[in-house]
Structures are given as structure tokens and as C-alpha cells.
Amino acid sequence: MVDLSFVRKDIVPQRAAPLSEAGIVGWFRKNMFSDIPNTILTIIVLYFIISVLSSILPWVFSPTWYSGSLTECRSILAELGRDGHGGGGACWGVIRERWLQLLFGFYPSELYWRPILAFFLLGLALAPVLFEGASRKLLYLTAVYPFLCFWLIWGGSIWFPITVFAGFIIAYVGFVYVNKIAGSLSGVIASIVLPLIWWLFIVSPLSTMLFSILPIGSEAIDSDRLGGFMLAVLIGVTGIALSLPIGILLALGRQSDLPILKGVCVCFIEFIRGVPLITLLFVASTLLNIFLPPGSNFDLILRVMIMVTLFASAYMAEVVRGGLAALPKGQYEAADSLGLDYWKAQRLIIMPQALKISIPGIVSTFIGLFKDTTLVSIIGLLDPLGLSTNIRADMAWNGILWELYGFVGFIFFIFCFSMSRYSMYLERRLATGH
Amino acid sequence: MKKSAFFGTIAAATFAAGFAAAGTLEDVQAAGELKCGVSTGLAGFALADANGVWDGFDVAVCRAVAAAVLGDGNAVKFVPTTGKTRFTALASGEVDVLARNTTWTFSRDVDLKFEFAGVNYYDGQGFMAPKALGVTSAKDLDGATVCIQTGTTTELNLADFFRSNNISYEPVPIETNAEAQAQYLAGACDVYTTDASGLASTRATFEAPDDHIVLPEIVSKEPLGPLVRHGDNNWGDIVRWTLNALITAEELGVTSANIAEHSANAGKNPEVNRLLGTEGDLGGMLGLDKAWASRAIAVNGNYGEIFEKNIGVNTPIGIARGLNASWTDGGLIYSAPFR
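What this report covers is the structure whose coordinates are included nearby. Model, not experiment: these values are computed from the prediction. (Residues numbered from 1 in each chain as written. Chains lettered and ligands numbered in written order. Predicted model: local features only at pLDDT ≥ 70, side-chain atom pairs only at ≥ 80, totals over all residues. Heavy atoms only, no water.)

**Quick word on the overall build of chain A**
A count of helices and strands for chain A gives 16 helices and two strands. Scaling as 2.2 N^0.38, a compact globule of 434 residues should have a C-alpha radius of gyration of about 22 Å, whereas chain A reaches 29 Å, well beyond that. Counting only C-alpha atoms and orienting by the principal axes, one finds that chain A spans roughly 110 × 75 × 45 Å. Sequence-distant contacts in chain A: of pairs separated by 6 or more residues, those separated by 24 or more amount to 70%. Of the roughly 24100 Å² of accessible surface on chain A, 71% is carried by carbon and sulfur atoms. For chain A, the centre of its 28 positive side-chain charges and the centre of its 25 negative side-chain charges are spaced 7 Å apart. (Helix = DSSP H or I, 4+ residues; strand = E, 2+ residues; numbered from the N terminus. Rg over C-alpha atoms; globule rule 2.2 N^0.38 Å. Contact = heavy atoms within 4.5 Å. Areas by Shrake-Rupley, 256 points an atom, 1.4 Å probe, with all protein chains shown as cover. Lys, Arg positive; Asp, Glu negative; His and termini not counted. Charge placed at Lys NZ, Arg CZ, Asp CG, Glu CD.)

Listed below in C-alpha cells is the structure:
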């Protein structure tokens, strides 16, 4: 009898999972159609998605890009046998004709390179702050960027931003010297008082004088020519960039042991948080005018930027305070036991941890602030929403609603979504785990 | 931008304030531009084109004043104002003249301390309804839902009209004209009410304007005109008489086509001569030169030309002159004589 027992000598090669378990089909089986209730839900949801898309997509893909007016759009759509402008198709001609205006407002078109350059430099200036890999040398650009941006957008004499920038150098030099001679409190006071005197009384005549000696400058652009997304980004970036440091200081002030400092910070934060942004904007646009001496010309956009910054700072202070409160007391005590002074402890131990905890809150505040910039249309600034009203006043485009709002919403989405993705990247990068 | 610019501006503002002259005319001439408050966008009345150039019926008044005062119809800084910010903008001096289809009312004139320079458009609140609704008069609107912009005088006028006619209605409050158009077309309300000029421009944008009817009743008086601050009568006179010059030019047949010819030499008609400064010195009495009115008319033409170009029957808005015809044609547009 022959022994027919079978012993396999080699390992059976691994086979791919059956088609029903792997790939797209498997994924669908596992996640979408695993049992009867899930299958029913999937079908219902699919039905909704398809019905929504089938009504929106034909509207979005409408061949009206080159139309010159709403009437023309309608005739194009009618030729195609579509339903008409409401449901049959969008009228994208308005975006083709006005997209530059929606981006730049009334900025002179031959000077568009200036805001574009400013926007590009903004990316470079932000890189060392946002990404670890970027060259540290770019930090110099970051420091001068606000002044460069001001000069690029508004133009005019180059000496004004330079002399204003010199104020910061004066503040630093004043702090260092007075600190050596008369102690740190006097140093702090000197670093505040000296530049204030410089800015209030010296900058304006000095920059005029320097300009008369060396007239370097570019074509000045009035604030009323700014508009569209450029305005939203300007207000948003200013608010974002300034509200974080101011907010940190306010949060620290609120936790301070000095009663007056604490009182001032608490009052400021609670007052600003207790008032809607639109009220502050009305104050900026109307009340300040009445307080200021008649004939004074205090730029409306500047006033709005200040108000938006103050508003965001108060919220930022509370977000940062949340981060501070979340730190275990041991961290503060550890800093003290190392013999660090207050600022060193904050800089090296407290803030890095507190800010990391607050990243989601901080970025939410940024995103909220950026979207809130559309409120300026209520006080007559031509931000993207204000411009859409103006575009509709043109009889060629009167009656167009969704295309404009859709375009504006889409651009806002790009900005806000990138900010939110960046915050997630930052959280992953800073995750230290425990 | 940094806070520093803020301080710099405050400093600049403080210095500038020291030199500010008392009269608006001197301020405008020193600045070299007229700050004119206009609407942020209203079909036919104020709008900026794709290049950012402002145009419209109200804008034309600004340009005429700028031409009279500064000699250049483009020397205007247009300040877009909303219904909420317009009066403070004027009161605080942010604008020198407000031409933002503002209704001349007692309280605005007296209580808010403004001075209306005249009327450049006689408007009134009307109703628009779909023809399918089958109404021919606003009095048939018992129980109708009405789309109405909130916070305007139209809301009060509507309540008054329905109460005095003993009929009921249901208001649908709406914030902007664009929203109202969308709601009305979507059938959220039976009737849309706003100023008749607004109804005309709204109806003109519809896919099928003939399916909608503007009802014959006009339920309010809305005389719209440019206004200035109380207290500077000379400046008020300049704006008033610039508007009057446009109106008189139409009455006397002075147009943008023949103004050069009329201005060159004194003609037969003494009033034309006085208007255009070829005889007498009316401009000198205003603190301007002799040719002020001639320049104001040359920018956009006379009142009739401005009307036809921006909102007249040949434009998409298509408003007939009606009440806004010259008094010689049976309308209300009437200027005091130049003498």
C-alpha cells in the first residue's frame, strides 16, 4: 500500500483578498451595506446627494462665461433650451467682468502688482513664523513687512514708514539704555514714552523734511480705492497679527497680582466682549468722527482695523487664558524653582505649553475674525459683499445674487479652510504626547 | 499695518485741524477735491463700473458741484454711505455734500440740522404685484403678504396706507433690495413695495417684466435731493444753485452740445447770458468765478440730459419723466430764476 499522505513542502503564496472584501467594493460592503438598516440609510443618503447635485451641477456648469449682461445670459440659456437664469443656469459673465474688482476693489489696474507683491511677500514673511523648515533669515523680512506692506498698498513717501519703523528702534535702544541706568521699570516706561513722543511729534515733520530732501516714493493710493478681498485680507491679517500678542499680554495682565493692571485688563476684556463687533464698527465710522477735531482726516480703514484688532484681542486673551488655566500648577512652580524671572518663565516654560493647548481656539478666533471682516459692508466700505451690492446697481447685472455670493463664499472658504488645515498640521507637529 | 501709523495719523490729524478753515468752500478748494456721499450702489442713481468710475443720477450732482467749484468734474472723492451711516458722515464733515437719494423730511431738515439744497427727483412709494394676482389697485390688496425693507420710512407709509383704507396685510420684513427681489420672485410675498424708481429698476431686471404690474397708487411723497450741513449758508447756496443751474439749463434749452457756443459769446437771451456768466457776475456773489454754471452744465449736460442718460425711458431702467418733467412740460422740476 502506498502511503498517500500529503505533506506540503512550500508555503502557499498569499493571495489577494477576495474581490468582495478588498478595494472599493469591500470598503462599500463593510461601511455602506453591512446590514439592512445601513443599506437603507446609504440608499436614502445617496438619493439626496444625487438629487442635490443634479440640480446644482447643471446650474454651475452653464456656458455663460462670455456673456456681457444678465439679458445676454438669459438668451444664451434660452437658446440651449434651459430653464432660464433662476434654475436653468448660472450667469458667470458677471464674475468674468468683475472678478478683478472683487479681488482688488477700485485699486488702479496698472498698479495691481503692488498688492500682489505685498501678498506674495506676506507668504514669505509668514513662512519662518509658520513653518520650521523655512530659513531663519526671513525673520528680518517679517520684522519690516508691516511697513513694507503699508508702503506697497498705500504708496506715497517712503520716509513715512521708515520713520515710523525707527520708532521701534528708539523704543528698543531706550529700553536697553534706561534699563542699565535706572532699572527695569524705568526701562519699560522709557520704551513706551520715547517712541510715543517720536510718533506723535517728530515722525510727521521729519518724514516731510526727508521727502523734500530725497523724494523717493511711489504713487499714493487713497484708502477709498481699496476694496474687495484685498480689504478683507488687510483687515483680517492686521487683526490676526496684532491680536495674538495683545491678547497674550491681556491674558497675562488678567492673571497678574498687580490690582490696577488686572483691573484694567479685566475691564477691557469684559467691555469688548460685551459689545457686538458691529457696534464697535459704528463707533469707528461715526462716533470717532464727532470726537476728533473737525477737518481731521483719520482714515476710515485705519479706524476699522483698530476696532477689529481690539475686538479680536479681547477674545484672544480669553482663549490664551484658557490655555494658561489648563497648565498644572507644578509648571509654574517648576519655573520658579529654577530661578527664572517672570518674563523668562513665561517665554521658556508657560507660554509654549499654554499656546499649544490653545491652538484650536486661537485659530477659530482667527477664522471668525476673518469672516467678520464682511461686516464692514454695513458701514459703507466696499468689501466683497459691499461690492456685490455695487455690482448689482449696474443694470447689466441687477438681479444676480447667487453667482456673486457663491464666488465670495468660495474664496472665503479657501482662506478659512487653509487656516484650519494649518492649525491641524501645527497640532500634529507640536504633539509631544505624554 | 501697525499701531504706529495710527499715532502718526492722529498727529497729522491734530496738525491738520489747526489749519482747517471755517468755510466748506475754502476747505474743498484747499483739498482740491469734493467729498461727496453717495449710495453704496443703487441702480441708475449711484454705481461704480468695472473700472471703478462712479456714475449715476446722484453722482451727476456731485460732479456738477465739483465742476462749478473746482473746475473739474472728476475732482470728486466718492464716499459710499449706507442708510445707517449717511447722516453722521455728513454731520461729522466726512463728506461735504450728501447726494444719496435722501428724502427731504421735516425732521431731517430741522432736527438733524441739515439743509436740503433742492429736489432732484420726486419719488413716491408704490406697489408691484404679479399680473397673475389679478389686482389693478392697491386697495384690492386686502390680506396680501407684502415684502418690505425694514427700518425705512416705507414701512410706516405702508402701515398708514393700509390702516386708512381699512384693509389688512401681512408684512414680510426684508433687509436689502436684492433680497427683496429674490423673495418676491420666489413667491414669498404677493406684493413688493418700495420707491417707484426702485420698483421700475427691479422690474426691469426680471426675466419676464410684463408678467408684473406696478400698481397706480403712490402712497407717499419722497422728494429726494442733495443736502449739506446747517450753518454754512454760502456752501448751501453753491449746491442749491448748481442744481438750479442744471434745471434752468434744460428750461432754456442749454445742452452739453451747444453750451460751448452759448458760453463763448453773450447771446440774445439775457437769462442764458446771466446763467453762463457772459453777462453780469452771479458767480462772484457765490464766491466763484463767472463760468461756474457753464462748467457744471458741461460735465453731464442739463437736468434733462442727466435724467435721460441714467434713468430715462431709453435706459434699461426706463423711468418716464412724469412728475420730474420741467414745469414747462407739466412737471414739478422748477428753478428759481437766475437774476
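**Examining the overall build of chain B**
Assigned secondary structure in chain B consists of 14 helices and 13 strands. A compact globule built from 339 residues would reach a C-alpha radius of gyration of about 20 Å, and chain B, at 22 Å, matches this within 12%. Here the C-alpha coordinates of chain B stretch approximately 60 × 60 × 40 Å along the principal axes. Across the 339 residues in chain B, those meeting the buried criterion constitute 55%. In chain B, the share of contacts with a sequence separation of at least 24, taken over all contacts with a separation of at least 6, comes to 70%. A total accessible area of about 13900 Å² is found for chain B, and carbon and sulfur atoms account for 53% of it. Separation of charge centres in chain B, based on 24 positive and 39 negative side chains, amounts to 5 Å. (Buried < 20%, exposed > 50% of the residue type's maximum accessible area, 1.4 Å probe, protein only.)

**Focus on the pairing of strand 5 (residues 97-103) of chain B**
Residues and elements named next belong to chain B. Counting buried residues along strand 5, seven of its seven residues qualify, which places the element largely inside the surrounding structure. Where strand 1 (residues 34-39) meets strand 5, two bridges bridge the pair, whose relative direction is parallel. Looking at the pairing, Cys-36 lines up with Val-97 of strand 5. (Pairing = 2+ DSSP bridges.)

**Considerations on the nonpolar core**
Nonpolar side chains in soluble globular proteins tend to be buried together. By size, the foremost hydrophobic cluster in this structure holds 150 residues, and its most contacted members are Tyr-107, Leu-226 and Val-304 of chain A together with Cys-36, Trp-54 and Trp-235 of chain B. Examining the composition of this core, we find that 14 residues originate from one element, helix 12 (residues 300-326) of chain A, more than from any other. With 15 residues, the next largest nonpolar core counts Phe-127, Ile-148, Phe-161 and Val-219 of chain B among its residues. (Core = buried A, V, L, I, M, F, W, Y, C linked by side-chain atoms within 4.5 Å.)

**Some details on helix 3 (residues 57-70) of chain B**
Residues and elements named next belong to chain B. Helix length check: helix 3 (14 residues) gives 20 Å between terminal C-alpha atoms against 20 Å at 1.5 Å per residue, within 8%. Extensive coverage of helix 3 is indicated by the burial of 13 of its 14 residues. Phi turns positive, to about 80 degrees, at Gly-71, one or two residues after helix 3. (Expected span 1.5 Å × (residues − 1).)

**Observations concerning a nonpolar patch on the surface**
Residue and element names in this part refer to chain A. On the surface, a nonpolar cluster with roughly 810 Å² of combined accessible area is contributed by Val-45, Leu-46, Ile-49, Ile-50, Val-52, Leu-53, Ile-56, Leu-57 and Phe-61. Along the chain, Val-52 turns up in helix 2 (residues 36-60). Take Val-52: its relative accessible area is 42%, and that puts it in the partly exposed class. (Patch = residues over 30% accessible without salt bridge, like charges linked within 9 Å, V, L, I, M, F, W, Y side chains within 5 Å. Salt bridge = Lys/Arg side-chain N within 4 Å of Asp/Glu carboxyl O.)

**Here's the deal with the packing of helix 4 (residues 93-104) of chain A against helix 16 (residues 402-430) of chain A**
All names here are of chain A. Packing of helix 4 against helix 16 brings their axes to within 11 Å, and their N-to-C directions diverge by 45 degrees. Here helix 16 runs oblique to helix 4, going by the angle between their axes. The element helix 4 and its partner helix 16 pack so that their crossing is right-handed. Across the interface between the two elements, Val-94, Ile-95, Trp-99 and Leu-102 of helix 4 pack against Glu-403, Leu-404, Phe-407 and Val-408 of helix 16. Of the residues contributing to the contact of helix 4 with helix 16, the split by class is seven nonpolar, no polar and one charged. (Axes fitted to C-alpha atoms, helices over the stretch in contact; angles between N-to-C directions. Parallel < 35°, antiparallel > 145°, perpendicular 65-115°, else oblique. Left-handed = near helix turned anticlockwise from the far one by under 90°. Nonpolar A, V, L, I, M, F, W, Y, C, P; charged D, E, K, R; others polar.)

**Concerning the state of the cysteines**
Tallied over the entire structure, the rule returns three disulfides over all chains. Each disulfide pairs two cysteine sulfurs, and for Cys-73 of chain A the partner residue is Cys-91 of chain A, the sulfurs being separated by 1.9 Å. Of note, the bridge from Cys-73 of chain A to Cys-91 of chain A carries an S-S torsion of about 75 degrees and is right-handed in sense. Taken together, the residues span a long stretch of sequence, with Cys-73 of chain A in helix 3 (residues 70-79) and Cys-91 of chain A in the loop between helix 3 and helix 4 at a distance of 18 residues. A disulfide bridge connects Cys-147 of chain B with Cys-189 of chain B, and the sulfur atoms are separated by 1.9 Å. Around the S-S axis, the bridge from Cys-147 of chain B to Cys-189 of chain B shows a dihedral of about -95 degrees and counts as left-handed. Highlighted residues: Cys-147 of chain B in strand 9 (residues 144-149) and Cys-189 of chain B in the loop between helix 7 (177-185) and strand 11 (191-195), separated in sequence by 42 residues. Taken individually, Cys-147 of chain B and Cys-189 of chain B each receive the classification buried, so the pair is uniform in this respect. By sequence order of its bonded cysteines, chain B has the disulfide arrangement 1-2, 3-4. Sulfur of Cys-149 of chain A: no disulfide; nearest cysteine sulfur belongs to Cys-416 of chain A and is 19 Å away. According to the relative accessible area criterion, Cys-416 of chain A is buried, its value standing at 12%. (Disulfide = S-S within 2.5 Å.)

**Details of the pattern of salt bridges**
In total, this model carries 16 salt bridges over all chains according to the counting rule given. Residue Arg-74 of chain A pairs with Glu-207 of chain B through a salt bridge whose shortest N-O separation is 3.7 Å. Pair noted here: Arg-74 of chain A is in helix 3 and Glu-207 of chain B is in the loop between helix 8 (196-204) and strand 12 (212-214), and the two residues belong to different chains. For Arg-74 of chain A, a relative accessible area of 16% translates into the label buried.

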